[in-house]
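# Commentary on secondary and tertiary structure
These are the residues of each chain, in order.
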Amino acid sequence: MTALGASIMVPEAIAAMAAIGPEFVEMDALFRKASQVIGRLTGGEAGFVTASCASGIALSIAGAMTRDNLLAVERLPDDTRSLHTEVLILAGHMVSYGAPVDQSIRLAGGTPVPVGTVSSAATYQLENAISERTAAALYVVSHHTVQYGMIPLKVFAAICRARDVPVIVDAASEYDLKGFLTQGADIVIYSGHKFLGGPTSGIVAGRKDLVRAAYHQNRGIGRGMKVGKESIAGVMAALEAWDVRDHAGIRARERAALDLWLTAMQGMTGITARMIPDPTDNPLDRLQVDVGPESGFSAASLASALAAGDPPIIVRNHEVERGHFFLDPCNLHPGEAEVVARQITHLLRSSNSSRFAETSAIRTSSAEAQWPD
Ligand SMILES: *Cc1c(COP(=O)(O)O)cnc(C)c1O
């Protein structure tokens, strides 16, 4: 979604940003107000807004290392004398969301310490990985992570808490604003620009002393990740709007889009479509579209053909090599679901296997490497 501008913004956020833009504000006061809104929505003791979830992770890790030592804040990231620097992370959580999650640890001057293997993690492995050098533990909640064999957050947090190790949860793309703190996280971090529909930003929420320590990093490594007044105001408005949003109504509209696509693809040669619930239990479904050769396409070539259309239709293509992609009904404008149904059926009806050569180009970064050409 990052490549698509992350999300569409809710009108409340746009209005709040436009209103604050031409004004001077006392940033500390604005941050204090934001802390109250974040606290109310997340159940955390405090919170602040940062440039992105990725920067929120780096600042939270840095805060767990420096705590209230302001000199240590200025010394990061390379001078970590006298600080605990090791950050535990399940090996199956060391994913890339567009950048490697462990880089956020290293950016803060921390040393990632993988726990377990990519496919399994046991409690004894976590318990024994904790040492006097441990600064924090990072837990990632995401469809990107390995979805089996990992230690559940509740157990993970209990083990860390017993040893006084702060648990920082990356919940960038999750709907649940309260559940991770309830399960024992000390800090949870969200993206402001994903489901919330706010401006590009991150939200850090949780234990007051740790949130404060993370906030202190704005005098250090956080300076290069500075967030503007407009983003703080925008996120506050997006949070308030989230609180009163008609979630059931939105879900029903998404469901109608999925039904429309499902019906449109029924009976198409070589195509099988089915509803798949979100892998991390966000309250939404997607359509998994399996593309067989009889359709005249591979999953990758059909995704490319859709992206090349007018208007371009961008599918979730992270599993195309397994023969399928996903259609996501989130945040469509009125009428767009119909356009998607029309384009897909048009392509499949006129399919001619020689027209769309097998390509995985949409998944390689060769185009990025050539930027701006
Ligand atoms: C999107 C995402 C991030 C990064 O969020 P930004 O706000 O874009 O920095 C981090 N972790 C996970 C799991 C994500 O999905």
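Parameters and conventions
Residues numbered from 1 in each chain as written. Predicted model: local features only at pLDDT ≥ 70, side-chain atom pairs only at ≥ 80, totals over all residues. Heavy atoms only, no water. Disulfide = S-S within 2.5 Å. Buried < 20%, exposed > 50% of the residue type's maximum accessible area, 1.4 Å probe, protein only. Pairing = 2+ DSSP bridges. Helix = DSSP H or I, 4+ residues; strand = E, 2+ residues; numbered from the N terminus. Axes fitted to C-alpha atoms, helices over the stretch in contact; angles between N-to-C directions. Near = heavy atom within 4 Å. Polar contact = N/O pair within 3.5 Å; in protein donor to acceptor, adjacent residues only side chain to side chain. Areas by Shrake-Rupley, 256 points an atom, 1.4 Å probe, with all protein chains shown as cover. Nonpolar A, V, L, I, M, F, W, Y, C, P; charged D, E, K, R; others polar. Right-handed = clockwise from strand over helix to strand, strands pointing away. Contact = heavy atoms within 4.5 Å. Domains from an automatic or database assignment. Buried area = accessible area lost by both parts, 1.4 Å probe. Salt bridge = Lys/Arg side-chain N within 4 Å of Asp/Glu carboxyl O.

## Considerations on the state of the cysteines
For the structure shown, the criterion picks out zero disulfides. We note that C160 lacks a disulfide partner, and the nearest cysteine sulfur, in C53, lies 18 Å from it. Look at C160 and you get buried, because its relative accessible area is 0%. For C330, which is in no disulfide, the shortest distance to another cysteine sulfur is to C53 and amounts to 17 Å.

## Observations concerning the sheet that holds strand β9 (residues 285-291)
Here we have three strands laid out as an open sheet, ordered β8-β9-β10, and antiparallel in their pairing. In this open sheet, the two strands that pair with only one neighbour each are β8 (271-277) and β10 (324-327). The sheet shows a mean angle of 30° between the axes of neighbouring strands, direction not considered. Sheet analysis places β8 next to β9, joined by seven bridges and oriented antiparallel.

## Notes on the site of the ligand
The immediate surroundings of the ligand are formed by S52, C53, A54, Y97, S142, D170, A172, S173, S191, H193 and K194. A54 places a polar main-chain atom, nitrogen or oxygen, 2.9 Å from an oxygen atom of the ligand. Within the side chain of S191, one N or O atom sits 2.7 Å away from an oxygen atom of the ligand. Bound to the protein, the ligand loses 91% of the 380 Å² it would expose on its own. Its residues assigned to classes, the shell around the ligand shows four nonpolar, five polar and two charged.

## So, the pairing of strand β3 (residues 111-115)
Within a regular strand, side chains alternate between the sheet's two faces. Looking at chain direction, strand β2 (residues 86-90) and β3 are connected through five bridges and run parallel. Within β3, the position partnered with I89 by the bridge is P114. A crossover links β2 with its parallel partner β3, the connecting element being helix α5 (residues 101-107), and its sense is right-handed.

## A few points about the side chain of T134
As for its position among the elements, T134 is in strand β4 (residues 134-140). Residue T134 is classed as buried on the basis of its relative accessible area of 7%. Here S131 takes part through its backbone nitrogen, which lies 2.8 Å from a polar atom of the side chain of T134. The contacts of T134, once residues within four sequence positions are left out, are H84, E86, L88, A129 and V165.

## Considering the domain arrangement of the protein chain
Once the domains are mapped, the protein chain shows domain 1 (2-244) and domain 2 (247-356). If you average the C-alpha positions of domain 1 and of domain 2, the two centres end up 33 Å apart. Taken together, the contact pairs 13 residues of domain 1 with 13 residues of domain 2. Here domain 1 and domain 2 share an interface that buries about 1100 Å² over both sides, 60% of which is from carbon and sulfur atoms. When the buried area of domain 1 at its contact with domain 2 is split by residue, I8, H143 and Y175 rank highest and sum to 51% of it. Joining domain 1 to domain 2, the criterion identifies zero salt bridges. Counting across the interface, domain 1 meets domain 2 through six residue pairs in polar contact (both at pLDDT 80 or more). Tallied by class, the residues present in the side of domain 1 that touches domain 2 amount to six nonpolar, five polar and two charged.

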